[in-house]
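Observations on chain architecture
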Amino acid sequence: MHSTPTPSASVATSAPAWQREWQASFRHPRELLEFLELDARETPYPLDLNPRFPFRVPRNYAARMRKGDWEDPLLRQVLPLSAEGEKRAGYTEDAVGDGDAKAGPGLLRKYHGRALLMLTGMCAVHCRYCFRREFPYEDLPAARSEWERTYALLAADPDLREVLFSGGDPLSLSDANLRWHWERALALPQVKRVRIHTRVPVVLPRRVDANFLELTREMADRKPLFLVLHVNHAGEIHAELEERLRALRTAGAFLLNQAVLLRGVNDTPLALTELSEKLLGAGVLPYYLHQLDRVRGAGHFEVTEEEGLALMEALRGRLPGYAVPRYVREVAGEASKLEVSALIPDSRLVRFVD
């Protein structure tokens, strides 16, 4: 399996604070468990202390976890379990059909009018449910000349309206590299907006520094910029992140959130209600709640669609409509994300009481 690229082991002291913080991340599960005052011999879940999918957790993110608590919802997202090695029917290495969607160097084309660019394989945190945990990142362009070929393909598409930056995580790139891609995307006259999908601000808030905010302001002045965050639990939202998100809004970015429905993390009406409330308080619109993509190694996180629909029904009774995310599943080859409510009859709903 391909190992997700990581930054150089010798990040200079002159590097931005966020890069130095990233380099200091926990790189082994034992380090994190020691920090959280947890004994691996007392775990309620069999652990995999030498996981095939690499381990990485920034210390800022770990600081949001409750010490001594195996059930902490942030810890559950990053702790490698032996269940990752279980074989489950229907779980594959490419759960969303990325391979079939490849249309050029670093380019995926799934939906009409949109182009998704895989800018990097690097991520600030390695979430154990990641649907791209086995993506062939080694095939991504290594030189700007290769990326120029991709932008030439996009320039020849008159129907293109939106460019999406993804990965890995685009905000793991330097500002200079991000500017380079931004400039080329914005130079396409038919493109109306740019969208960035990122989890970096959630786990490394310092990434949203003065330089990035100035870059955001400059780019957003030219065409609308949508920043789609990945927050799964209210505990991931704190004062420092709220301050950085407020600065992003002031710089002109539109902020949305995509969450994944995860067993043991956010699979209760209370958890999802608190998540939406915290997002709205931070100026972020709840956008999607994703059914788990069935990537190999993530099956222990799955919540059934029937349970998910019941959770959505509970949310509609507790929140205003704009605070209820769309509950969707990505199906390889479909022309758009699919509403789970269209796939499962209402009569099969379970009921939640809390």
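Up top you'll find the structure we're talking about.
The notes below deal with the structure included here.

Parameters at a glance
- Residues numbered from 1 in each chain as written.
- Predicted model: local features only at pLDDT ≥ 70, side-chain atom pairs only at ≥ 80, totals over all residues.
- Heavy atoms only, no water.
- Helix = DSSP H or I, 4+ residues; strand = E, 2+ residues; numbered from the N terminus.
- Expected span 1.5 Å × (residues − 1).
- Buried < 20%, exposed > 50% of the residue type's maximum accessible area, 1.4 Å probe, protein only.
- Arc of directions from axis to C-beta.
- Contact = heavy atoms within 4.5 Å.
- Salt bridge = Lys/Arg side-chain N within 4 Å of Asp/Glu carboxyl O.

1. Observations regarding helix H6 (residues 144-155)
- The end-to-end C-alpha separation of H6 is 16 Å, in line with the 16 Å expected for twelve residues at 1.5 Å each.
- All of the buried residues along H6 are Trp147, Thr150, Tyr151 and Leu154. Projected down its long axis, H6 shows its buried positions confined to an angular sector of 95°, all on one face. With respect to the buried face of H6, the exposed residues turned more than 90 degrees away are Ser145 and Arg149.
- Check the buried side of H6 and you find it contacts strand S1 (102-104), strand S2 (107-108), strand S3 (114-120), strand S4 (162-167) and helix H7 (175-186).

2. Let's talk about the pattern of salt bridges
- This model, assessed by the stated rule, comprises 30 salt bridges.
- We note a salt bridge from Asp98 to Arg132, for which the minimum N-O separation is 2.8 Å. Here Asp98, found in helix H5 (residues 98-101), pairs with Arg132, found in the loop between S3 and H6; they are 34 residues apart in sequence, far enough to count as distant.
- Looking at Arg132, the relative accessible area reads 6%, which means it is buried.
- Of the charged contacts in the structure, one is a salt bridge between Glu183 and Arg179, with a shortest N-O distance of 3.6 Å. Of this pair, Glu183 and Arg179 both sit in helix H7, separated by four residues, roughly a single helical turn.

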